[in-house]
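The lines below spell out each chain.
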Amino acid sequence: MAPSELPARTLFDRIWQEHLVRPETEETPAVVFVDLHLVHEVTSPQAFTMLRERGLRVRRPDLTLATMDHSTPTTPAGPAGEMEITDVECRVQLDALEQNCRDFRIELHPLGTEHQGIVHVIGPELGLTQPGRTIVCGDSHTSTHGAFGAFAFGIGTSEVAHVLATQCLLQRRPRSLEVRVNGRLGPCVTAKDLVLAIIARLGVSGGTGHVLEYSGEAIRSLSMEARMTLCNMSIEAGARAGLIAPDDTTFEYLHGRPRAPRGRAWDAALERWRALRTEPGARFDASVEIDASALEPTITFGTNPGMSAPVSGRVPDPEREREPAARRALEAALRYMGLRPGQPLQGHPIDVVFIGSCTNGRLSDLRAAASVLQGRKVAPGVRVLVVPGSRQVKRAAEDEGLHRLFLEAGAEWREPGCSMCIGMNGDQVPPGRSAVSTSNRNFEGRQGPGARTFLASPLTAAAAAVTGALADPRMLVDAGLQRSA
Amino acid sequence: MEPFRTLTSRAVVLPRSDIDTDQIIPARFLKGTTREGLGRWLFAGWRYDAQGAPRAEFPLNDPLAKGARILIAGPNFGCGSSREHAPWALVDHGFRAVISVSIADIFRSNAVKNGLLPVVVDAGSHRALLAQPFGDVTVDLEAREVAAPGVRTRFSIDPFARRCLLDGTDELGFLLAQAPAITAHEHSRRGEGA
């Protein structure tokens, strides 16, 4: 058939169609094949129980990969690299994952091993996250993998069982939303600032039922790690997934990775991957445009990721909010956060800084934080945790001497894991204390009961670490670095 | 799974918008390996004070909330984390239906797999329902209708989810029956990494 006879397809249309085992009908959702299933200890034990109850096996252990990240300790390891797990419940959960992976023959990267780390950091690192794939995990930040042009989304535990048993999921086709980002990001304005601005624009439910495709000049100029930061937080706008069409940046990142195709298989893959793009004239169900050059270092002030402002700005006044529900929500958020309407954000004192997570726990994030901390000291009374996203990130950072720089500045250098993003492993912000965090959620109590979270980029978090207050990183980064940023 | 046909119950109202799954069940209660017993920790951060005593002002602690099986919540209920512990905790506490003007994608998908009916109603009906804390509400899945004093409205739900809820069956049986088509798909995509 001539191309003109086919309607132009979006990148998402194409991936969707290629993975349809059975198309959807009025009565039944589509059956969608899953190319890669990532598993971790928190959302999988009950799924394996479901399998055992029904006497089912794992259909494709070869397309399944497990690691430990959420409830693992990040306290520095002992002399022989041993990790002490003091929380009995966490230990039971980690043991259960080991047992399940053994029983069902699933590849596991357990605590302390070479490729262990946050599930959304190790998938790309291993080269398993590839363009055009469908990728799922019992974790909402699975959207991270969309940075490679994969359709990647978070699922619940029942669905984890479905994928284990059938390698498929029942899905209604989501709608599509193009987020076109024009222009270029300014100095000290990062993918994190961009995604916070996008969430503020769409709202925390603006993406519901949609897959976001990020496009435009600003996206093309982002590194793979920055693209992962962006796609990671698509879920915070309520979106099913975020997608970026693969390009040379993607291919360069993947080339030579342990599980990436090699030799002739690489050439064949490259040919397939180059075709993965939204065709000219393809229609999205909705679209928004953002001017990257107008953005500033951004920080959240409220209790959901949509409540953000330039760090150089002020806390908004609920009185100016016309809609009663929005006004009440803002009032409740400011009360929880201990902020006054109209107060400048800069100078607001903080107690804790967390640099890490699946959003900003990669090497480039640690380098960014280090560029601010270099030759400076953490402000008195502030606790700073630097938690690499994976063992590979940790090793690479140590090869560059970043760990010494962090330690000399007065920060803690920890073992990899989710850590203080979710606080399951004991890494928590104390009640009533304020933390600047490079993670993804500022919900009430997310980082510990009563914890107050300000979400920001690694640069902004590091600026807060050295000043002991919310701060604009542009005030600290010297002109030389600004030019190279 | 218990079939869901029609339910009349007193309703608890939580008018806040964007109630995320970290509020429904905080992460520190996700360390278990079973689905049972999570109702105790439902809305733990709002329901109990720092000493673990119930906060009288939280609607779930009101004596009128006892036995309520319907929750009426503000917009975008269940946003955030994909934890299925959220519907497990709601169901364990006794809830069988959540009514809002919008419900987050993953939560909605998780809810139906646990016999918890997500009901999305129009803004006018939602406003009227929010104004009736501890009032009696009827949810009729067969007729796809919500009724309360001064409210009678139809709601839409995915036909497949409705079928599963009405029959009390889960989706896995349907998926397992697709085995021949799955095998065919696997063969057709050999060499593409699948």
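Residues numbered from 1 in each chain as written. Chains lettered and ligands numbered in written order. Predicted model: local features only at pLDDT ≥ 70, side-chain atom pairs only at ≥ 80, totals over all residues.

## Topic: the overall build of chain A
Worth spelling out the cut-off: Runs of E in the DSSP output that reach at least two residues are strands. Runs of H or I that reach at least four are helices, and both are numbered from the N terminus. Note that the radius of gyration is over C-alpha atoms, with the globule rule given as 2.2 Å times the number of residues to the power 0.38. Three exposure classes are used, based on other C-beta atoms lying within 10 Å of a residue's own C-beta, which is placed from the backbone: buried for 20 or more, exposed for 12 or fewer, and partly exposed in between. Contact between two residues is assigned whenever their backbone-derived C-beta positions fall within 7 Å.
A count of helical and extended segments in chain A gives 17 helices and 19 strands. For 485 residues, the compact-globule estimate of 2.2 N^0.38 gives 23 Å, and the C-alpha radius of gyration of chain A, at 22 Å, lies within 12% of that figure. Per-residue burial over chain A gives 59% buried out of 485 residues. Sequence-distant contacts in chain A: of pairs separated by 6 or more residues, those separated by 24 or more amount to 77%.

## Side note on the overall build of chain B
Helix and strand content of chain B: 8 helices and 7 strands. Counting only residues that meet the buried cut, chain B has 45% of its 194 residues in that class. A sequence separation of at least 24 residues applies to 67% of the contacts in chain B between residues at least 6 apart.

## Side note on the packing of helix α13 (residues 363-373) of chain A against helix α16 (residues 458-467) of chain A
Residues and elements named next belong to chain A. Cut-off, in case you're wondering: Lines fitted to C-alpha atoms define the axes here, with helix axes fitted over just the stretch in contact, and angles between the N-to-C directions of these axes take values from 0 to 180 degrees. Definitions for this section: a left-handed crossing has its near helix turned counterclockwise from the far helix by less than a right angle. A right-handed crossing has that turn clockwise.
Relative orientation of the contacting elements α13 and α16 amounts to 35 degrees, with a least axis distance of 8 Å. Note that α13 runs across α16; the crossing there is right-handed. Facing Asp365, Ala368, Ala369, Val372 and Leu373 of α13, the residues of α16 in contact are Pro458, Leu459, Ala461, Ala462, Ala463, Ala465 and Val466.

## What about the nonpolar core?
Basically, it comes down to this: As used here, a nonpolar core is made of buried Ala, Val, Leu, Ile, Met, Phe, Trp, Tyr and Cys residues. They are joined through C-beta atoms within 7 Å. Note that domain bounds follow an automatic or database assignment of domains.
Counting 206 residues, the largest nonpolar core has Val353, Leu373 and Ala465 of chain A together with Val98 of chain B as the members making the most contacts within it. Structurally, this core is a two-domain feature, drawing no fewer than three residues from each of domain 1 (9-295) and domain 2 (299-484) of chain A. If sequence neighbours within four positions are ignored, leucine 373 of chain A has contacts with Leu405, Phe406, Ala409, Ala411, Ala462, Ala465 and Val466 of chain A.

## Details of the sheet that holds strand β5 (residues 107-109) of chain A
Residue and element names in this part refer to chain A. Note the following rule: Being paired, for any two strands, means DSSP has found at least two bridges between them.
Sheet architecture is open: 5 strands sit in the order β5-β4-β3-β6-β7, paired in parallel fashion. In the strand order of this sheet, the two ends are held by β5 and β7 (151-154), each with one partner. In this sheet, adjacent strand axes meet at a mean angle of 20 degrees when their direction is disregarded.

## So, helix α14 (residues 391-399) of chain A
Residues and elements named next belong to chain A. Within the sequence span of α14, burial applies to Arg391, Gln392, Val393, Lys394 and Ala397. Residues of α14 that are buried sit in contact with α4 (119-126), α13 and α15 (402-409). With its phi angle positive at about 80 degrees, glycine 401 sits one or two positions after the end of α14.

## Focus on the domain arrangement of chain A
Residue and element names in this part refer to chain A. Defined as follows: Residues are grouped as follows: Ala, Val, Leu, Ile, Met, Phe, Trp, Tyr, Cys and Pro are nonpolar; Asp, Glu, Lys and Arg are charged; all remaining types, including Gly, are polar.
Under the domain assignment, chain A is made up of domain 1 (9-295) and domain 2 (299-484). In this structure, domain 1 and domain 2 have C-alpha centres spaced 24 Å apart. Secondary-structure elements contributing two or more residues to the side of domain 1 that touches domain 2 are α4, α6 (191-202) and α8 (224-232). Classifying every residue of the side of domain 1 that touches domain 2 by side-chain character gives 15 nonpolar, 16 polar and 8 charged.

## Quick look at the sheet that holds strand β1 (residues 20-22) of chain A
Residues and elements named next belong to chain A. Strands sit in the order β1-β2-β8 across an open sheet of 3 strands; the sheet is antiparallel. Two strands bound the open sheet, and with one partner strand each, they are β1 and β8 (168-171). With direction set aside, neighbouring strand axes in the sheet form an average angle of 40 degrees.

## Some points on the interface of chain B and chain A
Each partner contributes residues to the interface: chain B has 44 residues there, and chain A has 55 residues. Among the secondary structure elements, those contributing two or more residues to the side of chain B that touches chain A are α1 (21-24), α4 (105-112), α6 (159-167), α7 (172-176) and α8 (179-188) of chain B. The element best represented in the side of chain B that touches chain A is α4 of chain B, accounting for 4 residues. Its residues assigned to classes, the side of chain B that touches chain A comprises 16 nonpolar, 16 polar and 12 charged.

## Some remarks on the environment of glycine 238 of chain A
Structurally, the position occupied by glycine 238 of chain A is in the loop between α8 and β11 (241-244). In contact with glycine 238 of chain A, not counting residues within four places along its chain, are Val204, Ser205, Gly206, Gly207 and Thr208 of chain A together with Asn76, Cys79, Ala104 and Asp105 of chain B.

## Quick look at unusual backbone geometry
You will see that cysteine 188 of chain A, though not glycine, has its phi angle at about 65 degrees, which is positive. Along the chain, cysteine 188 of chain A falls in the loop between β9 (175-182) and α6. When the 25 C-beta atoms within 10 Å are taken as the criterion, cysteine 188 of chain A is described as buried. In this model, asparagine 76 of chain B sits at a positive phi of 60 degrees, which is unusual for a non-glycine residue. Here asparagine 76 of chain B shows up in the loop between β2 (70-73) and α3 (85-93). For asparagine 76 of chain B, a count of 25 C-beta atoms within 10 Å puts it in the buried group.

## Here we look at the packing of α6 of chain A against α8 of chain A
Residue and element names in this part refer to chain A. Here is the rule: Our angle categories are set so that under 35 degrees counts as roughly parallel, over 145 as roughly antiparallel, 65 to 115 as roughly perpendicular, and the remainder as oblique.
Put simply, α6 and α8 touch, their axes get as near as 8 Å, and they point 25 degrees apart. On the basis of their axis angle, the class for α6 and α8 is roughly parallel. The interaxial crossing formed by α6 with α8 has right-handed handedness. Mapping the contact onto sequence places Ala191, Lys192, Leu194 and Val195 in α6 and Ala226, Thr229 and Leu230 in α8. Partitioned by chemical class, the residues of the contact of α6 with α8 number 5 nonpolar, 1 polar and 1 charged.

## Brief notes about the environment of alanine 409 of chain A
All names here are of chain A. Here alanine 409 shows up in helix α15. For the pair alanine 409 and arginine 376, spaced 33 residues apart in the sequence, the C-alpha separation amounts to 5.9 Å. Every residue in contact with alanine 409, bar those within four places of it in the chain, is listed here: Leu373, Arg376, Lys377 and Val378.

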